[in-house]
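Observations on chain architecture
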Amino acid sequence: MNRHEHRRSSLAAAAVAVLAIGGVLAGCSSSSSSSSSSAAAPATSSAAAAPSSSGSAGAVSTSSCGTKAGVAATGTPIPLGSIVTDQTGTSFADIANMAQAYFNCVNANGGINGHPIKYYIEKEQTNASQIASLSKQLVQTDHVVGIVGNTSIIECSVDHSYWEGQGYYIIDSGIAPECYSTSNSAAVNMGPRYSSDGAVQYAITQHPSKIVFDQANVPGTTYIAAGPNAIAKAANVPIIDKTATPPVADANSVAIDLVSSAGKDGAVVLNFTPPDALSILSAAQKLNIEGNVKLWACSTPCNTDFLAKSLGPKWNGKIFVNAELTPPDGTNTPTMNLYKAILSQYGSAVTGGIGSFSQMGFVEAELMVKALESVTGDYTVSSVNAAIKGLKDVNTGMLCQQWTYGNYSSHLPNNMDYTTTANNGQMTLAPSGGGCTLISENDPQVKAYRAEAGTAPTDPTSTGG
Amino acid sequence: MPSWSELEQFLVSGLALGGVYALSGVGLVVLYRATGVLYLAFGAVGALGAFLAYEMLQAAAPQWAAWIVCILFGGLVTLLYGMIFGPALAGRDPLVRAVATLGLTLILFGAMELLWPPTSGATRAISLPTDNGGFTVFGLQVTWTQVIALGSGVVLTIGTGWFLRYTKLGTAMRAMANDRVITATLGVPVRRVEAAAWFGCGILAGFAGLLLADLVQLEPATLTFLVISSLAAALIGQLRSIAVTFAAGIVIGVIHDLLTPFSALTNYRDMTPFVLAVIALLWASRHRTVVTRSREEA
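Residues numbered from 1 in each chain as written. Chains lettered and ligands numbered in written order. Predicted model: local features only at pLDDT ≥ 70, side-chain atom pairs only at ≥ 80, totals over all residues.

**Examining the overall build of chain A**
When you go through chain A residue by residue, the secondary structure sums to 14 helices and 14 strands. Each of the 465 residues in chain A was classed as buried or not, and the buried ones make up 65%. Expressed as a percentage of contacts within chain A between residues at least 6 apart in sequence, the contacts between residues at least 24 apart total 76%. (Helix = DSSP H or I, 4+ residues; strand = E, 2+ residues; numbered from the N terminus. Buried ≥ 20, exposed ≤ 12 C-beta atoms within 10 Å, placed from the backbone. Contact = placed C-beta atoms within 7 Å.)

And the structure:
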């Protein structure tokens, strides 16, 4: 072996090592962003519409968010906390940022009985020890009396025992199973499993010959797929489960596989974050195979005007998306207008603008303010969390149902949803069956929750009343 | 077991993806042959160029200007790196030179994460006008972008082979691949030849980045680490053979996509480049051993 051959072979060996390391790096990056991705995505944002462009927003006063219009709160601050995932490929910071915008509005308009809210937003990168440390920091250093706006891939799994031990009742946007299956966490959204339930449920109403359910290949896929599988099975519709590793780098082959597996009378249901969902749908469009199935459906992350705009009118009435919150497009209720006005005036940090993420932040802050306003006496961990737990039949103006915390072993207070469809660059209510629909009790988790908590009445202040 | 008619569609999509892997792999080999540097920043340079093009398009700049900026950015950044760090690292072990480019990768990747952080809303994307036209093969629409991806790989492979064989600059690059010092003593302007190789490789990185941003996804991690598949192709070509590298890139893309409909293998298809590279290296190693033993026995 001469010098060059030796060098080449040693370099080749080194390159294999680099390949391996690179693969691991790429894999890590993938899986974290994917977790974030599919499992993650509690919802998505209709980023197309910037806050300032939101029609009636400018005309609506934000002063109604507080009790004393135009009077800044100057009392002792009420400390609240939040932990959100903010990492490569996945950020849920908009949810906490919108809650912050709501609190800023409250603080500028009288606060809570004169007390301003001081909101601590902690960001994590899917690191269990970091998350455990942040929760302790919020409690022991920042002395927060309530936790609101949490949206994290694993925070519920990591922290739920801690919160239970400390007596905190969390208002969050759920992703991990523990956000829904434990006593001290109640989400305003439905999360990936129940949103996929809704998408599959809608697809079944269109009588497909079979359903292909594809989601990001991340921990928790079996748990998520269990819901859609139970619902399809009860309807005697065959269902095929598939996964794709995010970020989806081979969208063409994924799209071909989905379409050929579903067949021309079948339905494809996706559970991905907006970038990956858009990759797959765009690939189907470029390959001209989007019409080779009966319909496409998607969990909440696809409910974004940006996606509808990117795909174009070819997808009008072809894709149906589960929507956990009232569609902002075309909704002209006082709550929706207040949301848009707060976003416009206080939401400069909300990068996604109008959409599900900021809607969730709005609702969570709204619920927390209602709880705080009901506290008599000092704002302590005990008094504030008792008030949170006592929230019952709240009209949020953003959800199909009234929202209740309650003393339950699990929490799924949002279990009725809308279905939207692409309509010339916007996501609007599906003309047939797009209104508020209960998630099927064929999902055993839904059945278990309703057996304990009952079925909440519809919210007359949202469009779905 | 999928039928052949089902596999046909995956063959078509795999060819397009393989074409870009091949294009990138050939760029890596050309640079390695001229400078002895395994350029791991190939993907990151292309990705950053694509993001710049995206920003220009958002600012309503003409599309052609955005594409040129993307491609030129790749060339200039790579040239700059080669001119600043190339001479300093020229005498070092090839592994050190490769790891240095990993440093550039991480810097560029960090810059992208900083400048284009993940958003909760809009997805970033580049769509080339060539996406709007094409033809149908096996029931699939093949866009002109995919044709360009595959065709440019073919053209590059043939063109580079011709360039290295018949031009003065190409001959100088081949000479440098054999021995940089002796080539320099023969009066070849080594620095200039290296600069040409760096710039050419960077141009290819920018071009591949633009195509991949359209064909795959405009996302920092995705584009940065796609170079791994190209690197596997280059390794299969033993960092020497442009034709083998090209073929390996195509094979990686095709096998990767063909595995998609096989439910037992579909979740492992991302391992395709690694498996093929390891098999090729083991084969090459065994082949060399056999040849050496035969020579000794003779």
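**So, the overall build of chain B**
A tally of regular secondary structure across chain B gives 12 helices and two strands. Each helix (α) and strand (β) of chain B, taken in turn from the N terminus, gives the series α-α-α-α-β-β-α-α-α-α-α-α-α-α. Taken over the C-alpha atoms alone, chain B extends approximately 55 × 50 × 35 Å along its principal axes. Burial status across chain B gives 52% buried among its 298 residues. Look at the contacts in chain B between residues 6 or more apart in sequence, and 75% of them connect residues 24 or more apart.

**Re the domain arrangement of chain A**
Each domain of chain A was delimited in the assignment, giving domain 1 (51-190 + 328-403) and domain 2 (192-323). Counted by class, the side of domain 1 of chain A that touches domain 2 of chain A contains three nonpolar, three polar and one charged residues. (Domains from an automatic or database assignment. Nonpolar A, V, L, I, M, F, W, Y, C, P; charged D, E, K, R; others polar.)

**Section: the packing of helix α2 (residues 93-108) of chain A against helix α12 (residues 356-373) of chain A**
All names here are of chain A. At their nearest, the axes of α2 and α12 sit 7 Å apart, and the two run at 45° to each other. As far as their axial angle goes, α12 and α2 are oblique. Where α2 crosses over α12, the handedness of that crossing is right-handed. Residues Asp94, Ile95, Ala96, Asn97, Met98, Ala99, Tyr102, Phe103 and Val106 of α2 pack against Phe357, Ser358, Met360, Gly361, Phe362, Glu364, Ala365, Glu366 and Val369 of α12. Class assignment for the residues of the contact of α2 with α12 results in 12 nonpolar, three polar and three charged. (Axes fitted to C-alpha atoms, helices over the stretch in contact; angles between N-to-C directions. Parallel < 35°, antiparallel > 145°, perpendicular 65-115°, else oblique. Left-handed = near helix turned anticlockwise from the far one by under 90°.)

**Thoughts on helix α5 (residues 144-166) of chain B**
Between its first and last C-alpha, α5 of chain B extends 31 Å over 23 residues, near the 33 Å set by a 1.5 Å rise per residue. Among the residues making up α5 of chain B, those that are buried are Thr145, Gln146, Ile148, Ala149, Leu150, Ser152, Gly153, Leu156, Thr157 and Thr160 of chain B. (Expected span 1.5 Å × (residues − 1).)

**Side note on helix α4 (residues 94-115) of chain B**
All names here are of chain B. For α4, built from 22 residues, the straight-helix expectation of 32 Å at 1.5 Å per residue is met to within 8% by its first-to-last C-alpha distance of 32 Å. Here α4 has its buried residues at Pro94, Arg97, Ala98, Thr101, Thr105, Leu108, Phe109 and Met112. Viewed along the axis of α4, the buried residues span an arc of 125°, placing them on a single side of the element. Exposed side of α4, more than 90 degrees from the buried face: Val96, Gly110 and Leu114 are the residues found there. (Arc of directions from axis to C-beta.)

**Concerning the environment of isoleucine 148 of chain B**
Among the structural elements, isoleucine 148 of chain B can be located in helix α5. The spatial distance from the C-alpha of isoleucine 148 of chain B to the C-alpha of glycine 209 of chain B is 13 Å, given a sequence separation of 61 residues.

**Let's talk about the environment of aspartate 93 of chain B**
Residue and element names in this part refer to chain B. Mapping aspartate 93 onto the fold places it in the loop between α3 (63-89) and α4. On the neighbour-count criterion, aspartate 93 (14 C-beta atoms within 10 Å) is partly exposed. Expressed as a C-alpha distance, the spacing of aspartate 93 and leucine 52, which sit 41 residues apart in the sequence, is 34 Å.

**Regarding the packing of helix α2 (residues 42-58) of chain B against helix α8 (residues 190-215) of chain B**
All names here are of chain B. Direction vectors running N to C along α2 and α8 enclose 60°, while the axes themselves pass 7 Å from each other. In terms of orientation, α2 and α8 fall into the oblique class. Relative to α8, α2 is oriented so that their crossing is right-handed. Here Phe42, Val45, Gly46, Ala47, Gly49, Ala50 and Ala53 of α2 lie close against α8, whose contacting residues are Gly202, Ala205, Gly206, Ala208, Gly209, Leu210, Leu212 and Ala213. Partitioned by chemical class, the residues of the contact of α2 with α8 number 10 nonpolar, five polar and no charged.

**Observations concerning unusual backbone geometry**
All names here are of chain A. Not every positive phi belongs to a glycine, and histidine 207 is a case in point at roughly 55°. Counting through the fold element by element, histidine 207 comes out in the loop between α6 (191-205) and β7 (211-216). A residue is classified by how many C-beta atoms lie within 10 Å of it, and histidine 207, with 12 of them, is exposed. Residue asparagine 236 is not a glycine yet carries a positive backbone phi of 60°.

**Examining the nonpolar core**
Formed by 232 residues in total, the largest nonpolar core has its most connected members in Tyr102, Ala255, Val269, Ile280 and Ala297 of chain A. When residues in this core are grouped by element, the largest group, 17 residues, is from helix α1 (residues 4-35) of chain B. Three or more residues apiece are contributed to this core by two domains, here domain 1 (51-190 + 328-403) and domain 2 (192-323) of chain A. Not counting chain neighbours up to four residues away, the residues in contact with alanine 255 of chain A comprise Ile280, Ala283, Ala284, Leu287 and Ile289 of chain A. (Core = buried A, V, L, I, M, F, W, Y, C linked by C-beta atoms within 7 Å.)

**Looking at the confidence of the model for chain A**
Residue and element names in this part refer to chain A. Summary statistics for chain A give a mean pLDDT of 87 and a share of 86% for residues scoring 70 or more. Segment residues 20-41 is flagged for pLDDT under 50; beyond a separation of four residues in sequence, or across chains, it makes 66 contacts in the model. In this model residues 43-58 is a low-confidence stretch, pLDDT under 50, and it forms 67 contacts with partners more than four residues away in sequence or in other chains. (pLDDT = per-residue confidence, 0-100.)

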